[in-house]
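The residues making up each chain are set out below.
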Amino acid sequence: MSQPHDRYVRIFDTTLRDGEQSPGATLTSAEKLDVAKALSRLGVDIIEAGFPAASPDDLAAVQSIAAGVGTEPVLGRPSAEPPIICALARASEGDLDKAWEAVRLAVRPRLHTFLATSPIHREHKLRMSREEVLRRAERMVAYARQLTPDVEFSPEDAGRTEPEFLYQVLEAVIAAGATTLNIPDTVGYTLPHEFGALIEGIMQHVRGIEGVTVSVHCHDDLGLATANTLAGLRAGARQAEVTINGIGERAGNTALEEVVMALHVRRASFGLETGIDTTGLVRTSKLVSSRTGLVVQPNKAIVGANAFAHESGIHQDGMLKHEQTYEIMRPETVGAGRTQLVLGKHSGRHAFAARLRELGFPLEGEPLESAFSRFKLLAEKKKSVTDADLTALAATEGDAGAAAFVLEDLHVSCGTGGLPTASVRLRGPDGTVHVRASVGTGPVDAVFKAIDEVVAAPSELVEYSVTAVTEGIDALGESSVRVRARQGDPRLSPQHLATRPALFHGHGADTDIIVASTKAYLGALNRLLASLAPAEAQPDVGSEARA
Ligand code: KIV
Ligand code: ZN
């Protein structure tokens, strides 16, 4: 096996072993194989494929990974060498035999055995003395070493073990043939400065340590797993045991993506590197999440849905000026697609106008102001405003500009009992406020009738439709209305009808479909009313022409 240089950190992934111990995450053999292949493609150095003594199924799954990963070149794997396939075993011959049976067909097999060393585990779980623990560890590493030259030993709960005893155990297992010493903070208890000091102490006091790889394995019970792992690497460890998305026992393990990206983004500080293809991080995270059913929280570092999403107006403005104002890494580097400027209630005009331009609506001046205030109202109601919402908003911009009657208030009451009733408050072209109530066959009919009483336009409703433009319960509804100028109305002279369009179109968009319908209807009526003025004086109101 070629030795990497001394600034290289081996990534040991235990998603399929410690990660699979997450409550609720059980994978079939086929799913495990899929994940193992993805880990290999990502560039993971060692895949801990499982704990074969746990069940015949576990043994079979590890066997299929040993036979199926690394035996042929993996498309896209950054390293020419196949990954090491590792199996976990308690410190017993029986476990080690099963583990060996599972991995022996791998191109590069490893056995990983562990025995708890902390006082609490010795006394209450193992009921063994220090001496017994020491001898068992030594014997089992020697046993494993007879099976394979690549043997890893973990003193379980090292973080709470007396340092001098830990040094003793580590020296004994090095002498017995261990090639990797993994130091677990099994219960996620240590603080970064303590864990760093623990590794430093091991590097200084354990005889023979320079000839083996020191590894760190941290749990996240205090949310410190990544910080502890990095502290361990700074202190000289050169293997990090991690899982995708940080899944694992209780609060989980150190997240692979966090350690890899911390070393990458802050390489000037650490001077360390890994063999991971960072552009595969999001893809692998998604695969593990879908196979395990463990959903990734949106604000999860590196791979969360919001990791590259900016909502605050100040942040969006900064991002539009220079992406490094609020991003320490590019989303493409981790395979996350592009930065998202999520438009919501905190977004500013600058980001709003930029997104509209991208969508093909280069609004400026008054139309932009008007669309922006409608967007703010919508964002108050809807958590995030999608491109479809924006398109609907921008496409209906101008309807309000043509308005002669403006909707100020609307109230609707409907249901299974009583008549659908609507009351509307409209401000007319001369500033007068009109309030009317009406009943109808349904809420929309009631609103339209109340509006008709105020506006008294020479119109007939020709077409009315409502569609949901976005998905979900808070979807934006879009309404489209067409009205026709009523033939014979004295306000429509024959000459006027000959030169003016006789069909008038209105559009409305809102999270409330009754409001969307009201806006659409009023828009259509306003256009019709505008057409009643002398033709020469009319601005182009964008109505649909029908001869
Ligand atoms: O957390 C732990 O101590 C472990 C060992 C088996 C390495 O997972
Ligand atoms: Zn663990």
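Residues numbered from 1 in each chain as written. Chains lettered and ligands numbered in written order. Predicted model: local features only at pLDDT ≥ 70, side-chain atom pairs only at ≥ 80, totals over all residues. Heavy atoms only, no water.

1. Some words on the coordination of the zinc ion (ligand 2)
Alright, step 1. Taken together, Asp-18 (OD), His-217 (NE2) and His-219 (NE2) make up the full set of protein donors to the zinc ion (ligand 2), lying 2.0 to 2.1 Å away.
Alright, step 2. Look at where the donors of the zinc ion (ligand 2) fall in the sequence and you get D-x198-H-x1-H. You'll find His-217 and His-219 in the same group, each marked buried. (Donors = N, O, S within 2.8 Å, 3.2 Å for Na, K, Ca; no water. Buried < 20%, exposed > 50% of the residue type's maximum accessible area, 1.4 Å probe, protein only.)

2. Details of the packing of aromatic side chains
Alright, step 1. This model, assessed by the stated rule, comprises five aromatic pairs.
Alright, step 2. Between Phe-352 and Phe-375 the ring centres are 4.7 Å apart and the planes differ by 25°, which places this aromatic pair in the stacked class. Placement of Phe-352 in helix H13 (residues 349-358) and of Phe-375 in helix H14 (residues 365-381) is noted, with a sequence separation of 23 residues between them.
Alright, step 3. A ring pair is formed by Phe-448 and Tyr-521, whose centres lie 4.0 Å apart and whose planes are at 10°; its orientation type is stacked. You can see Phe-448 sitting in helix H16 (residues 443-455) and its partner Tyr-521 sitting in helix H18 (residues 513-530), a full 73 residues away along the chain. Summarising the burial analysis for this pair, Phe-448 and Tyr-521 share the class buried.
Alright, step 4. Ring-pair connections join several aromatic residues into one group, and the members of that group are Phe-352, Phe-372 and Phe-375.
Alright, step 5. Cation over ring: Arg-234 sits above Phe-270, and NZ or CZ is 5.5 Å from the ring centre. (Phe/Tyr/Trp six-rings, centres within 6.5 Å; stacked < 30°, edge-to-face > 60°. Helix = DSSP H or I, 4+ residues; strand = E, 2+ residues; numbered from the N terminus. Lys NZ or Arg CZ within 6 Å of the ring centre and 35° of its normal.)

3. Re a nonpolar patch on the surface
Alright, step 1. On the surface, Leu-461, Tyr-464, Val-466 and Ile-513 cluster together into a nonpolar patch covering about 320 Å² of accessible area.
Alright, step 2. The class for Tyr-464 is partly exposed, based on a relative accessible area of 33%. (Patch = residues over 30% accessible without salt bridge, like charges linked within 9 Å, V, L, I, M, F, W, Y side chains within 5 Å. Areas by Shrake-Rupley, 256 points an atom, 1.4 Å probe, with all protein chains shown as cover. Salt bridge = Lys/Arg side-chain N within 4 Å of Asp/Glu carboxyl O.)

4. Some thoughts on the sheet that holds strand E11 (residues 406-413)
Alright, step 1. Taken in spatial order, the three strands make up an open sheet running E11-E12-E13, and their pairing is antiparallel. Each edge of the open sheet carries a strand with a single partner, namely E11 and strand E13 (433-439). The average undirected angle you get between the axes of adjacent strands in this sheet is 15°.
Alright, step 2. Bridging between E11 and strand E12 (residues 421-427) involves seven bridges; their strand directions are antiparallel. Residue pairing for E12: Leu-410 is matched across the bridge by Val-424. (Pairing = 2+ DSSP bridges. Axes fitted to C-alpha atoms, helices over the stretch in contact; angles between N-to-C directions.)

5. Comments concerning the sheet that holds strand E2 (residues 46-50)
Alright, step 1. A barrel is described by the order of its strands in space; here eight strands give the closed sequence E1-E2-E3-E4-E5-E6-E7-E8, paired in parallel fashion. On average, each strand axis in the sheet is tilted by 25° relative to the strand beside it, whichever way the strands run.
Alright, step 2. The sheet contact formed by strand E6 (residues 180-185) and strand E7 (residues 213-218) spans six bridges and is parallel. The residue of E7 that forms the bridge with Pro-184 is His-217.

6. Examining helix H6 (residues 163-176)
At 3.6 residues per turn, the α-helix brings residues three or four places apart onto the same side.
Alright, step 1. Look at H6: 20 Å from first C-alpha to last across 14 residues, which is about the 20 Å you get at 1.5 Å a residue.
Alright, step 2. Those residues of H6 lying buried are Phe-165, Leu-166, Tyr-167, Val-169, Leu-170, Ala-172, Val-173, Ile-174 and Ala-176.
Alright, step 3. Where H6 ends, the next residue or the one after it, Gly-177, has phi of about 115°, a positive value. (Expected span 1.5 Å × (residues − 1).)

7. A look at the domain arrangement of the chain
Alright, step 1. Per the domain assignment, the segments making up the chain are domain 1 (10-292), domain 2 (309-384) and domain 3 (397-545).
Alright, step 2. Listed as interface residues are nine residues of domain 2 and, on the opposing side, seven residues of domain 3.
Alright, step 3. Of the roughly 670 Å² buried between domain 2 and domain 3, counting both surfaces, carbon and sulfur atoms make up 49%.
Alright, step 4. Taken as a group, Arg-374, Lys-381 and Lys-382 account for 64% of the area that domain 2 buries against domain 3, more than any other trio of residues on that side.
Alright, step 5. Taken together, domain 2 and domain 3 are joined by zero salt bridges.
Alright, step 6. Linking domain 2 with domain 3 are zero residue pairs in polar contact (both at pLDDT 80 or more), by the criterion used here.
Alright, step 7. Each residue belonging to the side of domain 2 that touches domain 3 can be placed in one class, and the counts come to four nonpolar, one polar and four charged. (Domains from an automatic or database assignment. Contact = heavy atoms within 4.5 Å. Buried area = accessible area lost by both parts, 1.4 Å probe. Polar contact = N/O pair within 3.5 Å; in protein donor to acceptor, adjacent residues only side chain to side chain. Nonpolar A, V, L, I, M, F, W, Y, C, P; charged D, E, K, R; others polar.)

8. Overview of H13
Alright, step 1. Listed as buried for H13 are Ala-351, Phe-352, Ala-353, Ala-354, Arg-355 and Leu-356.
Alright, step 2. Just downstream of H13 lies Gly-360, where phi reads positive at about 95°.

9. A look at the site of ligand 1
Alright, step 1. In the vicinity of ligand 1, the contacting residues are Arg-17, Asp-18, His-112, Phe-114, Ser-154, Glu-156, Asn-182, Pro-184, Thr-186, His-217 and His-219.
Alright, step 2. At a separation of 3.1 Å, an oxygen atom of ligand 1 approaches a polar side-chain atom of His-217.
Alright, step 3. Burial of ligand 1 by the surrounding chains reaches 95%, relative to a free accessible area of 260 Å².
Alright, step 4. Elements with a minimum of two residues in the shell around ligand 1: strand E4 (109-116), strand E5 (151-156) and E6.
Alright, step 5. Taken together, the residues that form the shell around ligand 1 break down as two nonpolar, six polar and three charged. (Near = heavy atom within 4 Å.)

10. A few points about the pairing of E6
Alright, step 1. Counting buried positions along E6 gives six out of six residues, so the element sits mostly inside the fold.
Alright, step 2. Here E6 shows no split at all, with Thr-180, Asn-182 and Pro-184 on one side and Leu-181, Ile-183 and Asp-185 on the other all buried.
Alright, step 3. The pairing of E5 with E6 spans two bridges and is parallel. By the bridge assignment for E6, Phe-153 is matched with Leu-181.
Alright, step 4. Each parallel crossover has a hand, and the one from E5 via H6 to E6 is right-handed.
Alright, step 5. With helix H7 (residues 192-205) bridging E6 and its parallel neighbour E7, the resulting β-α-β unit is right-handed. (Right-handed = clockwise from strand over helix to strand, strands pointing away.)

11. Here we look at the confidence of the model for the chain
For any part of a model where pLDDT is low, the fine detail of the predicted coordinates should not be relied upon.
Alright, step 1. With 91% of its residues at a pLDDT of 70 or more, the chain shows a mean pLDDT of 89.
Alright, step 2. Long-range and interchain partners of residues 535-547, a stretch whose pLDDT sits below 50, account for 19 contacts in this model, where long-range means more than four residues apart. (pLDDT = per-residue confidence, 0-100.)

12. Some details on unusual backbone geometry
Alright, step 1. Within the chain, Ile-302 stands out as a residue other than glycine whose phi angle is a positive 70°.
Alright, step 2. Inspection of the secondary structure assignment puts Ile-302 in the loop between helix H11 (281-292) and strand E9 (309-310).
Alright, step 3. For Ile-302, a relative accessible area of 9% translates into the label buried.
Alright, step 4. Residue Ala-456 is not a glycine yet carries a positive backbone phi of 50°.
Alright, step 5. By secondary structure assignment, the location of Ala-456 is in the loop between H16 and strand E14 (459-468).
Alright, step 6. With relative accessibility at 40%, the residue Ala-456 sits in the partly exposed group.

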